[in-house]
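A closer look at the structure
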Amino acid sequence: MAEVVLRCEGLRKAYGTVVAIDDLGIEITEGETYGLLGPNGAGKTTAISMIVGILARDAGSVTIDGQPHDVHRTATKRLIGYVPQELALYPDLTGRENLHFFGRLHGLSGRELRRRGDEVLDVVGLSDRAGQRVRTYSGGMSRRLHIGVGLLNRPRLLVLDEPTVGVDPQSRNAILDNVRQLAGQGMAVLYTTHYMEEAERLCDRVGIIDSGRLRAEGTRRDLVTMLDREDEVELLADGDLAAAAQALAELAEVSAVDVREAGLRLLVAEAGPNLPQILATTGRAGVTVRSVQVREPNLESVFLHLTGKALRD
Amino acid sequence: MRQIFVIATKDLRLHLRNSTLLLFGIVLPLGLAVLFSTVLDDPGGGFQARYVVADEDRGPAANAFVTDVLGALTAESTFDVQRVAAATEATRMVDRGAVDAAFIVPAGFSADIAAGRTATLRVLGDVDSPIAAYVAREIAQSYATEVRGGRLAVAVTVAGGGRVDDPAGFAARVQALPPPLTVSAGSTADHELASRTFYPAGMAVFFLFFVAMLSVSTILAERTTGTMPRLLAAPVRRPTILVGKLLGGVGIGLVAMSVLMVSSTLLIGARWGPPLGVAALVTALVLAATGLMALVATAARTTEQATGWMSTLAVLMGMFGGTFAPLARVEGLAVLSYATPHRWFLQGLTDLAGGDLRAVVVPVVVLLGLAAATFSLTLLRIGKLVRP
């Protein structure tokens, strides 16, 4: 059984009368990527700040690898790699100088520091630009180095706070691939985002946060199941649509069929595994299918269902 | 401790790559020091007067004035007195600005004095040298007072029933007494630095506070640029971050001061005094400047506010601390200047010019005391600077 790397319970933070985080509890095991999904202002960064030990909490507890953790514990901070939302680099230092500086703060030195710095530069694809000042880097390159700094100390827990904000699609893909790779190496990853696609693509489990409270958490499938909503399949087709609709309605997994002007619309319990049977049935009814579109309930729908507002409000 | 040096070294490297900081720390102070010391008078032992005397009388009273009074002045390097034969030539020299003032002793001057008549000693001053001309008038006035004193002595003796067999001889003996006034140029030179040292020192200390301001501003900038959260998340204690950053500021302050001192020595011949004493003074000054600026920054709510307060303080302290002119000459301001590190530094340098290392003890202790107090208060208010 995988070990729990991060456990936080009952986290609370208030600023005067405004409660930013209320009774937040998260557990992440090694090799797991946990996504904290919520709109801007939901409390993601405040939660992250308490977890990494930047911000003192009002209540609750955090343990890293079983050790109590707070703002003053340097021993547990050594286990964390933190990638803040804003670029946290010194533009007038070179890429390598930035890495070496933060590496030294984490206790690396000498040959180990140089080796680890080179490894990270290789991972983020900046080996050839390492000697140039960060000021000369493109946005995507800076963002990659920014993430690289979080990897220097081979953390047990990697915390990434919206690492793809303001990043071009190509760099975003590279970042997501990197994160997936790191989790594959046994690192526990806490990833905050307000991009539903990223959470769906990257995270083993997702926590939905809004107004400082964790509204729900689980795998994508767990969360979607909460909606008790079926997948929607739209077939663009020619032929005897009425006959095809009749045949499809007899399938156990299909709960409803509508005949539309240029095709059919079906509600299916789980579209993916049943799609071959649906297409075979329409074929037998003499209908030619020109395109298929499957719309599954997604995390956006879950968020809307749980909070009554859209994720990007 | 290692982490303090890691942070300080990183900051020092960044400071050395910061053109604004180098402009304020080295280029501006050095440029202004060279300019001021070249263009302006020596603020300390710098009073110089060039006089000419035309003795058309050549009698004993005229000779007493020219030889005893003006002759005594020429013994001091402050005064330069030339002799010319005619009043017209002396007048021409004043008009040309070749001298600051002319003394003209007209023919019959000694005879008038001996006969008890009114004698005239003319002083012509150059309008562009008001101080030197004023001093010339005072010298002449002093001599006139002395002559009157001689006459009075004779008159009182006679009126009191005493016998004066030879009134003219008596008056002459009175006038033959030692010169009525002495001027010492050494008094100012002993207490103020020469311009070639004063201006580099003044500019260095003035701009050092801007260097300190810029280095302290980087603590606040770590917050606005986003690196502070990363520092706070690293396994580093918060006082370590603050001390490391302040140490980086002290480092760049020392670098700037050292470069300025060496450059001004080579370029304009500044003389700083015994290296050990100077090093102690400079180190104490840099610590005090950094501590003071850091403390000011803890009181501000925003980076802009902090920068505004720090720069205002730097300018005011520079002005009242005597970095542009030696305020020891102005009584009220002289007292006020002791409230600034600038004054203690300049005072220390001035006292050190005599070559006695013990002279810097008091200024160094005062500056270190200020540094200790401001650093302590800043550490107590660490949450105002080192926070996400």
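What counts, and at which threshold
Residues numbered from 1 in each chain as written. Chains lettered and ligands numbered in written order. Predicted model: local features only at pLDDT ≥ 70, side-chain atom pairs only at ≥ 80, totals over all residues. Heavy atoms only, no water. UniProt positions renumbered as here; feature names shortened; annotations may be inferred. Core = buried A, V, L, I, M, F, W, Y, C linked by side-chain atoms within 4.5 Å. Buried < 20%, exposed > 50% of the residue type's maximum accessible area, 1.4 Å probe, protein only. Helix = DSSP H or I, 4+ residues; strand = E, 2+ residues; numbered from the N terminus. Contact = heavy atoms within 4.5 Å. Patch = residues over 30% accessible without salt bridge, like charges linked within 9 Å, V, L, I, M, F, W, Y side chains within 5 Å. Areas by Shrake-Rupley, 256 points an atom, 1.4 Å probe, with all protein chains shown as cover. Salt bridge = Lys/Arg side-chain N within 4 Å of Asp/Glu carboxyl O. Buried area = accessible area lost by both parts, 1.4 Å probe. Pairing = 2+ DSSP bridges. Axes fitted to C-alpha atoms, helices over the stretch in contact; angles between N-to-C directions. Parallel < 35°, antiparallel > 145°, perpendicular 65-115°, else oblique. Left-handed = near helix turned anticlockwise from the far one by under 90°. Nonpolar A, V, L, I, M, F, W, Y, C, P; charged D, E, K, R; others polar. Phe/Tyr/Trp six-rings, centres within 6.5 Å; stacked < 30°, edge-to-face > 60°. Lys NZ or Arg CZ within 6 Å of the ring centre and 35° of its normal. Expected span 1.5 Å × (residues − 1). Bend = angle between axes of the 7 residues up to and from the residue.

Chain B has the name ABC transmembrane type-2 domain-containing protein in an unreviewed UniProt entry, where Micromonospora sonchi is given as its organism. Within the UniProt record for chain B, the comment given under Sequence similarities (unreviewed entry) is "Belongs to the ABC-2 integral membrane protein family." Quoted verbatim from the Subcellular location (unreviewed entry) heading of the UniProt record, the comment on chain B is "Cell membrane".

Per an unreviewed UniProt entry, the recorded name for chain A is ABC transporter ATP-binding protein YfiL, and the organism is Micromonospora sonchi.

**Digging into the nonpolar core**
By size, the foremost hydrophobic cluster in this structure holds 146 residues, and its most contacted members are A:Leu105, A:Leu157, A:Leu190, B:Phe209 and B:Phe345. For this core, the leading source of residues is helix α9 (residues 195-224) of chain B, giving 18 residues. For A:Leu157, the residues in contact, after removing those within four places along its chain, are A:Val5, A:Leu6, A:Ile51, A:Ile64, A:Leu79, A:Ile80, A:Gly81, A:Ala188 and A:Leu190. B:Ala64, B:Ile113, B:Ala132 and B:Val147 belong to the second-largest nonpolar core, a separate cluster that totals 25 residues.

**Quick word on the UniProt feature "transmembrane region" (unreviewed entry) in chain B**
Residues and elements named next belong to chain B. Per the UniProt record, the feature "transmembrane region" (unreviewed entry) sits at residues 21-40, 198-221, 242-270, 276-300, 312-339 and 359-380. Split by type, residues 242-270 is 93% helix and 0% strand. Its first and last C-alpha atoms lie 36 Å apart. Along residues 359-380, the helical share is 91% and the strand share 0%, with 33 Å between the first and last C-alpha atoms.

**Considering a nonpolar patch on the surface**
The grouping of B:Val315, B:Leu316, B:Met319 and B:Phe324 at the surface amounts to a nonpolar patch, some 320 Å² of accessible area in total. On the accessibility criterion, B:Met319 (44% relative accessible area) is partly exposed.

**Overview of the interface of chain B and chain A**
Listed as interface residues are 24 residues of chain B and, on the opposing side, 33 residues of chain A. Counting each side, the surface lost to burial between chain B and chain A is near 2,400 Å², with a carbon and sulfur contribution of 60%. A per-residue breakdown of the area chain B buries against chain A is headed by B:Arg17, B:Arg230 and B:Pro235, which together make up 31% of the total. Put simply, chain B and chain A have two salt bridges between them.

**A short note on unusual backbone geometry**
Generally, phi is negative for residues other than glycine and the peptide bonds are trans, each holding for most cases. All names here are of chain A. Unlike most non-glycine residues, Arg154 shows phi in positive territory, near 45°. Tracing the backbone through its elements, the reader meets Arg154 in the loop between α5 (139-151) and β7 (157-161). Phi is positive for Glu162, which is not a glycine, with a value near 45°.

**Some words on the sheet that holds strand β11 (residues 231-238) of chain A**
Residues and elements named next belong to chain A. With antiparallel pairing, the four strands of this open sheet are ordered in space as β12-β13-β11-β14. With one partner strand each, in any of the chains shown, β12 (254-260) and β14 (288-295) form the two edges of the open sheet. The average angle at which neighbouring strand axes cross in this sheet is 20°, direction not considered. Of the strands in this sheet, β11, β12 and β13 (263-268) are in contact with helix α9 (residues 241-249), which crosses β12 at around 175°.

**Quick word on the packing of helix α15 (residues 341-352) of chain B against helix α16 (residues 361-380) of chain B**
All names here are of chain B. For the pair α15 and α16, interaxial distance at closest approach is 8 Å and the crossing angle is 155°. With respect to their mutual orientation, α15 and α16 come out roughly antiparallel. Viewed along their axes, α15 and α16 form a crossing whose handedness is left-handed. When α15 is examined against α16, the residues Pro341, Trp344, Phe345 and Gly348 are found in contact with a partner set consisting of Val362, Pro363, Val366, Leu367 and Leu370. When its residues are assigned to classes, the contact of α15 with α16 shows eight nonpolar, one polar and no charged.

**Here we look at the sheet that holds strand β3 (residues 33-37) of chain A**
Strands belonging to one sheet form pairs held by backbone hydrogen bonds; the direction of such a pair is parallel or antiparallel. Residues and elements named next belong to chain A. Spatial strand order, β6-β7-β8-β3-β9-β10: six strands in an open sheet with mixed pairing. What marks the edges here is a single partner per strand, and that holds for β6 (80-83) and β10 (213-218). Averaged over all adjacent pairs, the angle separating strand axes in this sheet is 15°, with direction ignored. Bridge count for strand β9 (residues 205-210) against β10 is five bridges, and the pairing is antiparallel. Bridge pairing in β10 links Gly207 to Glu217. Strands in contact with α5 are β6 and β7; relative to β6, the strand with the most contacts, it is inclined by about 165°. Its contacts with the sheet put helix α6 (residues 169-184) on β3, β7 and β8 (188-193), and the angle it makes with β8 is roughly 150°.

**Considerations on the pattern of salt bridges**
Residues and elements named next belong to chain A. A full pass over the atoms with the stated rule returns 33 salt bridges over all chains. One salt bridge connects Arg12 with Asp22, and the closest N-O pair in it is separated by 3.4 Å. Residue Arg12 is found in strand β1 (residues 4-15), and its partner Asp22 is found in strand β2 (residues 18-29); the two are separated by 10 residues along the sequence. For Asp22, a relative accessible area of 23% translates into the label partly exposed. With a shortest N-O distance of 3.5 Å, Arg172 and Glu198 are connected by a salt bridge. Taken as a pair, Arg172 in helix α6 and Glu198 in helix α7 (residues 196-202) lie far apart in primary sequence, 26 residues in all. Of the residues examined, Glu198 reaches a relative accessible area of 2% and is grouped as buried.

**Thoughts on the packing of aromatic side chains**
By the definition in use, this model includes 13 aromatic pairs over all chains. An aromatic cluster of three or more residues is present, and its members are B:Phe24, B:Phe206, B:Phe207 and B:Phe210. When the ring centre of A:Tyr195 is taken as reference, the NZ or CZ atom of A:Arg172 above it lies at 4.3 Å. The side chain of B:Arg343 reaches across the aromatic face of B:Tyr338, ending 4.2 Å from its centre.

**What to know about helix α10 (residues 271-284) of chain A**
Residues and elements named next belong to chain A. The first and last C-alpha atoms of α10 sit 19 Å apart over 14 residues, in line with the 20 Å expected at 1.5 Å per residue. The largest bend along α10 reaches roughly 25° and is located at Gln277. Where α10 is concerned, the buried positions are Ala271, Asn274, Leu275, Ile278, Thr281 and Thr282. Its buried side turned inward, α10 meets β11, α9, β13 and β14. Looking one or two places after α10, you find Gly286, whose phi comes out positive at around 80°.

**Examining the packing of α9(A) against α10(A)**
Residue and element names in this part refer to chain A. Viewed as axis vectors pointing N to C, α9 and α10 meet at an angle of 140°, and their least axial separation amounts to 8 Å. Put simply, α9 runs oblique to α10. Pair α9 / α10 crosses with right-handed handedness. Residue-level inspection shows Ala244, Ala247 and Leu248 of α9 in contact with α10, the latter providing Ile278, Thr281 and Thr282.

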